[in-house]
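Residues per chain, in single letters:
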Amino acid sequence: MDEDVTGAQVLAESLRAQKVEYMFGVVGVPIIEVAMAAQSVGIKYVGMRNEQAACYAASAIGYLTGRPGACLVVSGPGLIHALGGMANANANCWPVVVVGGSSDKNQETTGAFQEFPQVEACRLYSKFSARPSSLEAIPSVIEKAVRTSIYGRPGAVYVDITGDMVNAKVNRSQIKVLSCCPPPPVSVAESGAINEALSVLKASKRPLIIIGKGAAFAQAETVLRSFVETSGLPFLPTPMGKGVVSDDHPNCVAAARSRALLQADVVLLLGARLNWILHFGLPPRFDPTVKIIQVDLCPEEIGNNVRPAAALLGDINAVVSQLLQNIREDSWRYSPDTEWWGTLKSKIAANTKISETLALQATLPMNYYTVFHHISKLLPRDCIIVSEGANTMDIGRTMLNNYLPRHRLDAGTFGTMGVGLGFAIAAAVMEKSKVNGQRVICVEGDSAFGFSGMEVETMCRFNLPIIVIVVNNNGIYSGVDPETWKEMAKLGDLTTIAPPVTLLPEARYDEVMTAFGGQGFLVRTVEELHSALERSLNDWDKPSLLNVLIDPASDRKQQEFPWLTRSNL
């Protein structure tokens, strides 16, 4: 075909050929034309206010859909801002393709505008980092980048395009069109390993399934639900494993998490890692003699921190199908009348009673439990919940149920604060394109909201029906009330007096949303919370922000163990 095309066009067409449907970014020299070319081939482009949030959004698309989103950034500082998002994606095992503009090739080493060793820098934060050697090489580099992002353990990849390549032209006949890479190959566990795992499981007196976000990414919900119901085993979801099997399923023991982890003698680990989130699988949070049956698609992960009694290497969907087939053939089922089930149910009832007592306190300002109790009564069952913060995220995880898979996104494996608004924008853009899209509820601590607060303008600009709920305790972990703040200010320079964890008391985050055309609500009481949330849920035409003021001293109920286990590994 006798037609000249630019590097930007070749790049956009190559992304589209690999079924990349969403792009998030901040444009500038030299990549404005790439965003325009992406739109021209049907890729949805969402301009963000910060590259880090853009990369969070693009990686969330990868988790929600299984195909990577693209993050488009400018050279130097723009790419550096995106590195946080790439590191978070790698830690979470979410696919994302970052495309960065860079200095012209003939200006390398000369001190060019925003010159930075981008390809080299990204190798620390990605599975693949490359610069196409020519316009003709772009399709193959993009294909390999996308394939690498989703094959094996998913993660971030980086493709660099120099400024002079963006507008350079090549005849279309010289471009080799590459078809979309196929889905990742599916591997199954060895039959001997399956038999060994089932032997360990059947001999267990106190078994426990742990469902991680790897199972959510693998879209293993159908076979996992069948396995749970056929086996009769109790299960515990990790934070983003919530909803793979519904939180209100009778076999869910999330409300007895500490007891389940501490006393289980066999743990079937499905798409979760024995890292800090699961306290490394070690005492004092786990029984020192616990046997781990580990299912993972990454060989290097097998045996991390605890050597498994049985290792099942393969795709979670496929491996759980193997386990399910075997227990059906044997007609094996864990009895619901065991002492273990009695222990777990008793602990669930006790913990639920404590939470309900805290939730029904009528004092003002409200506490976390009161806020989440009333929010939970109003949220649609199919809503997507995004959550971040310290107590906000941890208490919210126990009180805001998820009933569907991939409907909770939070700080994740890397414990990253500032992800919430980017994740919410990604989910809302995706849901808005559907006929029967679902509501996105973004529950933020006031500190967490501050990391990416300007993205409320992005929400308003694209008219995304996101409901942001800022649980405002005036600080990081805890703050002070307005009167105490005034008294401290009288004593002198606040930089030497104010506790480092404090933020401005009763800051008007609701007015930030109002300033950009969304709905803002200041909430102090249960009645105001109900009214604001009901109005927001009924309005699909604009984003809302509920600024919910709570007691600065509000805290979690007493914990059996501290949330972060200090390990002597």
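Anything mentioned here points back to the structure above.
Procedures and definitions
- Residues numbered from 1 in each chain as written.
- Predicted model: local features only at pLDDT ≥ 70, side-chain atom pairs only at ≥ 80, totals over all residues.
- Heavy atoms only, no water.
- 1 Å grid on protein atoms, 1.4 Å probe; cavity = no way out; pocket = protein on both sides within 12 Å on 5 of 7 lines; lining within 4 Å.
- Points joined across faces, edges and corners; volume = space filled by probe spheres on them.
- Nonpolar A, V, L, I, M, F, W, Y, C, P; charged D, E, K, R; others polar.
- Axes fitted to C-alpha atoms, helices over the stretch in contact; angles between N-to-C directions.
- Helix = DSSP H or I, 4+ residues; strand = E, 2+ residues; numbered from the N terminus.
- Left-handed = near helix turned anticlockwise from the far one by under 90°.
- Contact = heavy atoms within 4.5 Å.
- Salt bridge = Lys/Arg side-chain N within 4 Å of Asp/Glu carboxyl O.
- Buried < 20%, exposed > 50% of the residue type's maximum accessible area, 1.4 Å probe, protein only.
- Expected span 1.5 Å × (residues − 1).
- Arc of directions from axis to C-beta.
- Pairing = 2+ DSSP bridges.
- Parallel < 35°, antiparallel > 145°, perpendicular 65-115°, else oblique.
- Phe/Tyr/Trp six-rings, centres within 6.5 Å; stacked < 30°, edge-to-face > 60°.
- Lys NZ or Arg CZ within 6 Å of the ring centre and 35° of its normal.
- Right-handed = clockwise from strand over helix to strand, strands pointing away.
- Core = buried A, V, L, I, M, F, W, Y, C linked by side-chain atoms within 4.5 Å.

Caption draft 1: Focus on empty space enclosed by the protein. Counted by the stated rule, this structure contains 1 cavity of 30 Å³ or more. Reported here for the largest cavity is a volume of approximately 70 Å³. In terms of lining, the largest cavity is formed by Pro237, Thr238, Pro239, Lys242, Ala254, Arg257, Arg397 and Thr398. Its residues assigned to classes, the lining of the largest cavity shows 3 nonpolar, 2 polar and 3 charged.

Caption draft 2: How the structure looks around the packing of helix α14 (residues 368-378) against helix α22 (residues 526-538). With their axes 10 Å apart at the nearest point, α14 and α22 run at an angle of 35° to one another. Where α14 crosses over α22, the two elements pack in a sense that is right-handed. Contacts between α14 and α22 involve Thr370, Val371, His374, Ile375 and Leu378 from the first element and Val526, Leu529, His530, Leu533, Glu534 and Leu537 from the second. Within the contact of α14 with α22, the residues separate by chemical class into 7 nonpolar, 3 polar and 1 charged.

Caption draft 3: Molecular detail of the pattern of salt bridges. Evaluated as defined, the whole model comprises 21 salt bridges. One salt bridge in this structure joins Glu3 and Arg172, with 3.0 Å as the shortest N-O distance. Separated by 169 residues along the polypeptide, Glu3 in the segment before β1 (4-6) and Arg172 in the loop between β8 (169-171) and α8 (191-202) bring together distant segments of the chain. For Glu3, a relative accessible area of 29% corresponds to the partly exposed category. By relative accessible area, Arg172 is classed as partly exposed at 23%. With a closest N to O distance of 3.2 Å, Arg524 and Glu506 form a salt bridge. Residue Arg524 is found in the loop between β20 (519-523) and α22, and its partner Glu506 is found in the loop between α20 (494-497) and α21 (509-515); the two are separated by 18 residues along the sequence. On the basis of relative accessibility, which here comes to 37%, the residue Arg524 falls in the partly exposed class.

Caption draft 4: Fine view of α8. Under the 1.5 Å per step criterion, the end-to-end length of α8 is 16 Å for 12 residues, consistent within 8% with the ideal 16 Å. Within α8, the full set of buried residues consists of Ala193, Ile194, Ala197, Leu198, Val200 and Leu201. Buried residues in α8, looked at end-on, bunch into an arc of 160°, giving them a common side. Lining the buried residues of α8 we find β9 (207-211), α10 (221-231), β11 (266-270), β12 (291-296), β13 (310-313) and α12 (316-330).

Caption draft 5: Inspection of the sheet that holds strand β3 (residues 44-47) at higher detail. One open sheet accounts for 6 strands, arranged β3-β2-β4-β5-β7-β6; its pairing is parallel. Where the open sheet ends on each side, the last strands, each with one partner, are β3 and β6 (128-130). Averaged over all pairs of adjacent strands, the angle between strand axes in this sheet comes to 20°, irrespective of strand direction. Here helix α4 (residues 77-92) sits on the sheet in contact with β4 (69-73), β5 (96-102) and β7 (156-162), set at roughly 160° to β7.

Caption draft 6: Molecular detail of the packing of helix α3 (residues 51-65) against helix α16 (residues 420-432). As a packed pair, α3 and α16 sit with axes 7 Å apart at the nearest point and diverge in direction by 50°. With respect to α16, the element α3 is oriented oblique. When the axes of α3 and α16 are compared, the crossing they make is right-handed. Of the residues in α16, those in contact with Ala53, Tyr56, Ala57, Ser59, Ala60, Ile61, Leu64 and Thr65 of α3 are Gly422, Phe423, Ala426, Ala427 and Met430.

Caption draft 7: Inspection of the packing of aromatic side chains at higher detail. Inspection of the entire model under this criterion finds 4 aromatic pairs. Considering the side-chain rings of Phe449 and Tyr509, the 5.4 Å spacing of their centres and the 70° angle between planes classify their relative orientation as edge-to-face. With Phe449 in helix α17 (residues 446-451) and Tyr509 in helix α21, this residue pair connects regions lying 60 residues apart in the sequence. One aromatic cluster is present, built from ring pairs that chain together Tyr56, Tyr63, Trp94 and Phe423. We note Lys345 situated over the ring of Trp341; from NZ or CZ to the ring centre the distance is 5.4 Å.

Caption draft 8: Molecular detail of the pairing of β3. By the bridge criterion, 4 bridges tie strand β2 (residues 22-25) to β3 in an arrangement that is parallel. From the neighbouring strand, Tyr22 faces β3, where its bridge partner is Lys44. Of the crossover connections in this fold, the one passing from β2 over helix α2 (residues 32-40) to the parallel β3 is right-handed.

Caption draft 9: Molecular detail of the environment of Met165. Following the sequence through the fold, Met165 ends up in helix α7 (residues 163-166). With 31 residues separating them in the primary sequence, Met165 and Ser134 have C-alpha atoms 7.8 Å apart. If we ignore the near neighbours within four places in the chain, the residues touching Met165 are Gly7, Ala8, Lys105, Pro132, Ser134, Leu135 and Ile138.

Caption draft 10: Structural context of the nonpolar core. Judged by nonpolar contacts, the single largest core of 114 residues is most densely connected at Phe24, Phe227, Leu312, Leu409, Ile466 and Val468. A per-element tally of this core places α3 first, with 10 residues. Look past the residues within four positions of Leu312 in its chain and what remains in contact with it is Ala189, Ala193, Ile194, Ala197, Ile293, Gln294, Val295, Asp296, Val319 and Leu323. Counting 37 residues, the second largest nonpolar core, distinct from the first, contains Ala38, Ile43, Val141 and Val170.

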